[in-house]
Amino acid sequence: MTTTEQQITDWIDAHFDEEVAFLQQVVQVPTDTPPGNNAPHAERVAQLLQAYGWEAEKHAVPSDQVEAYGMESITNLIVRRQYAAGGPTVALNAHGDVVPPGDNWTYPPYGAQVADGYLYGRAAAVSKSDFATYVFATRALEALGIDLKGQLELHFTYDEEFGGLLGPGWLLEQKLTKPDFVIAAGFSYNIVTAHNACLQLEITVHGKSGHGAMPETGIDALQAASKILNAIYGQLPELKKIKSKVPCIDSPTMLVGRIDGGTNTNVVPGKVTMKLDRRMIPEEDPVAVEAQVRALIEAAVQDEPGIRIEIRRLLLSHALRPLPGSEQLVANLQKNALAILGETIPAQGTPLYADARLYGEHGIAAVLYGAGPRTVPESNAKKADERLALDDLRKASKIVALTLLDFLAVRA
């Protein structure tokens, strides 16, 4: 490790208590989505950054768009750190919106309590942790007076849980940013270079209500819906035969995650609504998959008299795939992880999907890397007692800071 690199890691060690305190304040402001009232969190983060002399641009998504999307408020933040001309623009992206905490917590979900080396709270690991990782990696890089070139941007966005279209997607569509490289929130012991695509559909089956004592007077939407369910789940063995070549990504999946319908126990159901989730491996064509799924649903009830169906797309999330420049991100992150962790961390795919894909859709090389354990279950992400090992936060902050040095330092 060079003298400069050692100074950067020493700075993070010297300011680590401050970093933990910063993360606690970030976690303590609720951002449950739904309902998705996320603007107050962005305001708080902007206030915290003012203490470092940083101005956060506040980009509020128009309220009519947000409400039509099913949320209450979104203000995305961009912090631009401009250095000498001639270097790349590197963006760091973490999302502040989170799923509601639910029940069975040992620690208050928004208490951000520290116990036994862990910080507990909703989004402590996914992904408010990387608000701290990225802020303190940037501060470490700048604190030492190192000659830097290019630009560093911090993107703190608030629409990952609903798909990202009003988070990074909105910033990109509004042409508010166009970085050359992106590191998005992830975990400390692997680099994600690819992830699945996701199609979500709402299927509404219309029949005709009727009295339960005279079911022949109605047209049972639930019976028709059961045929659709059988068709969907009957496809699973075929999906299992499709295999991805991306490490840690297996096969496509499909399920119905929610069903609503009927009016009462003694009434023939006149309408049933189902919500379907179809995960696609990176090798699949989302347009072709959507056409196939729609045809499958329609065929299941085509011979059912009096039945009408509506199929509405809720989400079509494309896969994240490696782009030119991704290999440079991976190489530097792996080099620096080896120095800090003492091990070579893998670059691999994940069956999840994230809003990092939206950068990829705009031709921007993006990978996922940040603070967290080896696996998602270890962090209790989206469950009770979500937690982050503070040692992982410390190490990830160092690795990201050293990687920024690789991209932005002026070399003799």
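These remarks concern the structure in this document. Residue indices begin from 1 for each chain and proceed along its sequence in written order. Owing to the predicted nature of the model, reporting of local features is limited to residues with pLDDT of at least 70; listing and counting of side-chain atom pairs is limited to 80 or more, with chain, interface and lining totals taken over all residues. Remark: hydrogens and water are excluded; side-chain values derive from all non-hydrogen atoms of the structure.

### Things to note about the side chain of T138
Phase 1 of the analysis: Numbering of helices and strands runs from the N terminus; a helix is a DSSP stretch of H or I covering at least four residues, while a strand is a stretch of E covering at least two. Positionally, T138 belongs in helix α5 (residues 129-143).
Phase 2 of the analysis: A 3.5 Å cut-off defines polar contacts: any pair of N or O atoms within that distance qualifies, except that in protein one atom must be a possible hydrogen donor and the other a possible acceptor, and neighbouring residues in sequence count only when both atoms are side-chain atoms. At a separation of 2.8 Å, a polar atom in the side chain of T138 contacts the main-chain carbonyl oxygen of Y134.
Phase 3 of the analysis: Contacts are assigned to residue pairs with any non-hydrogen atoms lying within 4.5 Å of each other. Leaving out residues up to four positions away in the same chain, T138 has contacts with W54, R81, Y83, L92, L152, L154 and L404.

### With respect to the packing of aromatic side chains
Phase 1 of the analysis: Whether two aromatic rings pair depends on their centres lying within 6.5 Å, for rings of Phe, Tyr and Trp, where Trp uses its six-membered ring; planes under 30 degrees apart make the pair stacked, over 60 edge-to-face, and the rest tilted. Inspection of the entire model under this criterion finds 10 aromatic pairs.
Phase 2 of the analysis: The interplanar angle of 40° and the centroid separation of 6.2 Å between the aromatic rings of F22 and Y52 together place this pair among those described as tilted. Of this pair, F22 sits in helix α2 (residues 16-27) while Y52 sits in the loop between α3 (39-50) and β1 (57-60), placing them 30 residues apart in sequence.
Phase 3 of the analysis: For F22, a relative accessible area of 2% puts it in the buried group.
Phase 4 of the analysis: Centroid distance Y69 to F162: 6.0 Å. Interplanar angle 55°. Geometry classified as tilted. Highlighted residues: Y69 in helix α4 (residues 63-69) and F162 in the loop between β6 (149-157) and α6 (168-173), separated in sequence by 93 residues. For the exposure calls, accessible area comes from a 1.4 Å probe over protein chains only, and a residue counts as buried if that area is under 20% of its type's maximum, exposed if over 50%, partly exposed in between.

### Re helix α7 (residues 221-234)
Phase 1 of the analysis: Here, expected helix span is obtained from the residue count minus one, scaled by 1.5 Å. An ideal rise of 1.5 Å per residue puts 20 Å on 14 residues; α7 measures up with 20 Å between its terminal C-alpha atoms.
Phase 2 of the analysis: Where α7 is buried, its residues meet β9 (197-206), α8 (236-240), β11 (253-261), β13 (271-280), α9 (286-300) and β14 (308-317).
Phase 3 of the analysis: With a side-chain oxygen lying 2.8 Å from the backbone nitrogen of L222, the N-terminal cap of α7 falls on D220.

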